[in-house]
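So the chains spell out like this:
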Amino acid sequence: MHVVQPAELLDQGDIIKKVDIFVPSSSEPDCELKQHPARIVVLSHGCEIDELESSTLLVAPVVRLSASDSGLAGLIRKGRV
């Protein structure tokens, strides 16, 4: 596990630009995980982040809309996804 202490307090919606995430190399159940640099957005609520006992932070990768399937991109633009 890799832990980095941020310079400022985190809040919901913050985007962290340089984080290494681990993605499966294939769809096989026991496949190797590969390290991949990414941007992430913090999804956890501020009150969850502030809890001293919490060691979990809910995040999601940030991707360009142009990298999405055109059908999915259209649904995102319409606010349906």
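Presented here is an overview of the structure given in this document. (Residues numbered from 1 in each chain as written. Predicted model: local features only at pLDDT ≥ 70, side-chain atom pairs only at ≥ 80, totals over all residues. Heavy atoms only, no water.)

1. So, the overall build of the chain
Working step 1: The secondary structure content of the chain amounts to two helices and three strands.
Working step 2: Ordered by position from the N terminus, the helices and strands of the chain form the series β-β-α-β-α.
Working step 3: Among the 81 residues that make up the chain, the fraction classed as buried is 10%.
Working step 4: Nonlocal contacts in the chain, meaning residues at least 24 apart in sequence, comprise 25% of its contacts between residues at least 6 apart. (Helix = DSSP H or I, 4+ residues; strand = E, 2+ residues; numbered from the N terminus. Buried < 20%, exposed > 50% of the residue type's maximum accessible area, 1.4 Å probe, protein only. Contact = heavy atoms within 4.5 Å.)

2. Some points on the pairing of strand β1 (residues 15–24)
Working step 1: Among the ten residues in β1, zero count as buried, and that is only a small part of the element.
Working step 2: Across eight bridges, β1 lies against strand β2 (residues 33–42) in antiparallel orientation. By the bridge assignment for β2, Ile21 is matched with His36. (Pairing = 2+ DSSP bridges.)

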